[in-house]
Amino acid sequence: MDPFDSSDSLEGPSKTAATNAEVPVPWSRFSAWLECVCVVTFDLELGQAIEVHKLRKTSICYLSFPDSYSGCLGDTQFSFRLRQSVGRSSSWFGHEDAYNRDAPVTLQKEHAHFHGYVYFRQVKDASVKRGYFQKSLVVVSRLPFGNLFHSLLQVIAPEYFEKHEPCLETVCNEIDQWPAPVPGQTLNLPVMGVVMQIERALNLLPAPTVLPSVHELDLFKCFQSVLIHMQMLWELMLLGEPVVVMAPSPTVSSETVLALVSAIAPLRYCGDYRPYFTIHDSEFKEYTTRTQAPPNVILGVTNPFFIKTFHCWPHIIRLGDLKMSGDLPKQVKVKKLAKLKTLDTKTGIYTAYKTFLHKDKSFIKRLLKGIQKKRPSEVQSAILRRHLLEQTESFILPLERYLESLMPPQRSMSPWKTPPQIRSFSQDEFMKTLEQAGPQLTLKGDWTGLYRRFFRSPNFDGWYRLRHREMTQKVECLHLEAICAADLLTWNKDKSEVEIVDLILKLREKLMKARKHQLPVKEELLEKLEQSIQTIISSLPEDLQTLLHRQ
């Protein structure tokens, strides 16, 4: 199936072009970057007559149009995220491919969710009964490369709205010639006469515009009305708290949600998040039920109806159009949840949350002073990103040090015994280490309380499972290296045939796992071990040799 199906429809909103994940070989390069390209249009008379599709066609249609409250005229860009299939919960852990093995956790492909990147155009058109031309061009991918795909849409969408489908077919064919995304390599991605260059750290440099990366947002622009509350927002993200962002447009909604998720980098946000969420979303009932506590999810919405629906949620960020107070952006206030009742609710952060750590007032002053001095937004963003990064690293460092202490000592690795176990994580034991190696010097506050709350969050669960898997692989590597360094032929001399065959089978299994999971063991060591296995096999009776060669 082509990534662009030229069959057209006026169902509204409707998807008129798509491909699924199981594409034939000719589109394999296209599929390394995108799942599909969609065209969504609206027809007032035909209504919502949409067939079900493997890529959640109905959901994509509704998520690709701003709702009527946004009043988006002209061109608008935003993004959304949706589950691969209805009822399937988030499960990023455990999936691995060549790209994900080398990519930072915040840039890895998702296997249970799709990312949608939208270029929506609404302009007056007297030839249409509704009076407006309304259409969205959408690219759907498993990669969280917002800057790259929004830049791609800026190149192809205006051309498509002028020339229509033949233009998209050409673009799809060009993308099918792109090299696969590889972290650490410089890639040139040509499309419609523009070459977008991704450099080693997956940074995007499309001529003639230079962007800082394939995914990083302008954090300062996203957070300029909540700068004095950054400590609270960072803690809410760290703890995976349920948050609703109510914004005036899908652009502000999606950028704010993605900025919040990125605030705890390099730690991966392991809860669910929806940059743009509508009442038509298939998870609407799941996320708005009042019979249980709100889930660990961040929702970006624009419909005022959600104020009533989510009034029982613990944290609601109500954003409006940016207002200035003199030469500084007006900062929203923290307000009581009880005041969140009417559809015309004022801007503010509605929560009863009290931060564990104190605000860094000198940092806030530095940012506000930068505004007065007209410091460029990209510089302000870099300062903000560095501050958040250092705070997250200060928080994670004691945990990393403690994990290292759980590793078995290298001297305990014996080639003739099962690898020693990694010690279990003890919260109480970890807390005792904070007295000597805690992050108290960087920021004052109740660090112990913050860690205890963090242990109950999905972010700790995801972080620990990932690190435990990495530690397990490290133990496997050390054990394999000990085996490779051992004199297997001497050990073999006084052993029975049963013991030798058992050893050969175990060594083969270790070799297979090492290559399958690409463990960081030198290839020459693996080849030496393989040669030792073959030498041992050749010393056995012919019937056993034949049996082992068949396996």
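- Looking at an unreviewed UniProt entry, one finds the protein named DENN/MADD domain containing 6B, with Cyprinus carpio as its source organism.
- Under the UniProt heading Sequence similarities (unreviewed entry), the entry covering the protein gives this text: "Belongs to the DENND6 family."

1. A word on the overall build of the protein
Working step 1: Within the protein, the secondary structure is distributed over 19 helices and 16 strands.
Working step 2: Here the protein holds 551 residues, and 52% of them are scored as buried.
Working step 3: By sequence separation, contacts in the protein at least 24 residues apart represent 71% of the contacts at least 6 residues apart.
Working step 4: For the protein, the exposed area adds up to about 26600 Å²; of that, 52% sits on carbon and sulfur atoms.

2. Describing the sheet that holds strand E16 (residues 348-351)
Working step 1: Taken in spatial order, the six strands line up as E10-E11-E9-E12-E16-E15 in an open sheet, and their pairing is mixed. Each edge of the sheet is formed by a strand with only one pairing partner; in this case those strands are strand E10 (272-274) and strand E15 (334-335).
Working step 2: In the sheet, E10 pairs with strand E11 (residues 297-301) via three bridges, with the strands oriented parallel. Bridge assignment links tyrosine 273 to a residue of E11, and that residue is isoleucine 298.
Working step 3: Here helix H7 (residues 230-238) sits on the sheet in contact with strand E9 (243-246), E11, strand E12 (315-318), E15 and E16, set at roughly 50 degrees to E16.
Working step 4: Helix-sheet contacts for helix H8 (residues 250-262) involve E9, E10, E11 and E12, and the interaxial angle to E11 is about 160 degrees.

3. Topic: a positive patch on the surface
Working step 1: Side chains of Lys323, Lys330, Lys333 and Lys346 sit close together on the surface and give a patch of like positive charge.
Working step 2: As for its position among the elements, lysine 333 is in the loop between strand E14 (328-329) and E15.

4. Focus: the nonpolar core
Working step 1: Counting 68 residues, the largest nonpolar core has Phe395, Leu399 and Phe425 as its most contacted members.
Working step 2: With residues up to four places along the chain from it excluded, the contact list for phenylalanine 425 reads Leu399, Tyr402, Leu403, Leu406, Phe430, Phe455, Phe460 and Tyr464.
Working step 3: In terms of nonpolar packing, the next biggest core, distinct from the first, is built from 37 residues, Leu34, Val139, Ile156 and Ile175 among them.

5. Description of the packing of helix H11 (residues 361-372) against helix H12 (residues 377-406)
Working step 1: At a closest axis distance of 10 Å, the pairing of H11 and H12 adopts a crossing angle of 170 degrees. Between H11 and H12, the angle is such that the two are roughly antiparallel. From H11, Phe363, Arg366, Leu367, Gly370 and Ile371 reach across to H12, where they touch Gln380, Ile383, Leu384 and His387.

6. Brief notes about the pattern of salt bridges
Working step 1: Within this structure, the stated rule accounts for 22 salt bridges.
Working step 2: With a closest N to O distance of 2.9 Å, lysine 510 and glutamate 476 form a salt bridge. In this pair, lysine 510 is assigned in helix H17 (residues 497-516) and glutamate 476 in helix H15 (residues 458-485), connecting sequence segments 34 residues apart.
Working step 3: You can call glutamate 476 partly exposed: its relative accessible area is 29%.
Working step 4: A salt bridge links lysine 495 to aspartate 494, with the shortest nitrogen-to-oxygen separation between them at 3.0 Å.

7. Some remarks on the pairing of strand E5 (residues 132-141)
Working step 1: Burial of E5 is extensive: nine of the ten residues sit out of reach of the surface.
Working step 2: Two strands pair when backbone bridges link them, and strand E2 (residues 36-41) and E5 are joined in this way by six bridges, in the antiparallel orientation. Bridging across to E5, threonine 41 finds its partner in lysine 135.
Working step 3: Taken together, the ten bridges between strand E4 (residues 113-124) and E5 define a ladder with antiparallel strand orientation. Residue pairing for E5: tyrosine 117 is matched across the bridge by valine 139.

8. Considering the side chain of serine 225
Working step 1: Turning to its location among the elements, serine 225 is positioned in the loop between helix H6 (219-223) and H7.
Working step 2: Once you skip the residues sitting within four places of it in the chain, serine 225 turns out to touch Leu319, Leu322, Lys330, Gln331 and Val332.

9. Some points on helix H14 (residues 447-454)
Working step 1: All of the buried residues along H14 are Trp447, Gly449, Leu450, Tyr451 and Phe454.
Working step 2: The elements touched by buried residues of H14 are H7, H12, helix H13 (427-437) and H15.

10. Thoughts on the pairing of E16
Working step 1: Covered by surrounding structure in E16 are Gly348 and Tyr350 together with Ile349 and Thr351, the residues of both alternating faces.
Working step 2: Where E15 and E16 come together, two bridges link them in parallel fashion. Among the inter-strand pairings, lysine 335 is bridged to a residue of E16, identified as tyrosine 350.

11. Things to note about the packing of H12 against H14
When two helices pack together, you describe them by how their axes are tilted relative to each other and by the distance separating the axes.
Working step 1: Two elements in contact, H12 and H14, have axes separated by 12 Å at closest approach and are oriented at 75 degrees. Judged by the angle between their axes, H12 and H14 are roughly perpendicular. For the pair formed by H12 and H14, the contact residues are Ser394, Phe395, Pro398 and Leu399 on the first element and Trp447, Leu450, Tyr451 and Phe454 on the second.
Working step 2: Across the contact of H12 with H14, the residue classes break down as seven nonpolar, one polar and no charged.

12. Description of the packing of aromatic side chains
Working step 1: In the structure shown here, the tally under the stated rule is 37 aromatic pairs.
Working step 2: Ring-pair connections join several aromatic residues into one group, and the members of that group are Trp234, Phe395, Tyr402, Phe425, Phe430, Trp447, Tyr451, Phe454, Phe455, Phe460, Trp463 and Tyr464.
Working step 3: We note arginine 81 situated over the ring of tyrosine 273; from NZ or CZ to the ring centre the distance is 4.0 Å.

13. Overview of unusual backbone geometry
Working step 1: Proline 266 follows alanine 265 through a cis peptide bond whose omega is 10 degrees.
Working step 2: When you line up the elements, proline 266 lands in the loop between H8 and E10.
Working step 3: For lysine 374, which is not a glycine, the phi torsion comes out positive at approximately 60 degrees.
Working step 4: Of note, lysine 374 is situated in the loop between H11 and H12.
Working step 5: Accessibility expressed as a relative area gives 69% for lysine 374, which makes it exposed.
Working step 6: Backbone geometry at glutamine 518 places phi at a positive 50 degrees, although glycine is not the residue there.
Working step 7: With respect to the element layout, glutamine 518 can be found in the loop between H17 and helix H18 (523-538).

The rules behind these values
- Residues numbered from 1 in each chain as written.
- Predicted model: local features only at pLDDT ≥ 70, side-chain atom pairs only at ≥ 80, totals over all residues.
- Heavy atoms only, no water.
- UniProt positions renumbered as here; feature names shortened; annotations may be inferred.
- Helix = DSSP H or I, 4+ residues; strand = E, 2+ residues; numbered from the N terminus.
- Buried < 20%, exposed > 50% of the residue type's maximum accessible area, 1.4 Å probe, protein only.
- Contact = heavy atoms within 4.5 Å.
- Areas by Shrake-Rupley, 256 points an atom, 1.4 Å probe, with all protein chains shown as cover.
- Pairing = 2+ DSSP bridges.
- Axes fitted to C-alpha atoms, helices over the stretch in contact; angles between N-to-C directions.
- Patch = residues over 30% accessible without salt bridge, like charges linked within 9 Å, V, L, I, M, F, W, Y side chains within 5 Å.
- Salt bridge = Lys/Arg side-chain N within 4 Å of Asp/Glu carboxyl O.
- Lys, Arg positive; Asp, Glu negative; His and termini not counted.
- Charge placed at Lys NZ, Arg CZ, Asp CG, Glu CD.
- Core = buried A, V, L, I, M, F, W, Y, C linked by side-chain atoms within 4.5 Å.
- Parallel < 35°, antiparallel > 145°, perpendicular 65-115°, else oblique.
- Nonpolar A, V, L, I, M, F, W, Y, C, P; charged D, E, K, R; others polar.
- Phe/Tyr/Trp six-rings, centres within 6.5 Å; stacked < 30°, edge-to-face > 60°.
- Lys NZ or Arg CZ within 6 Å of the ring centre and 35° of its normal.

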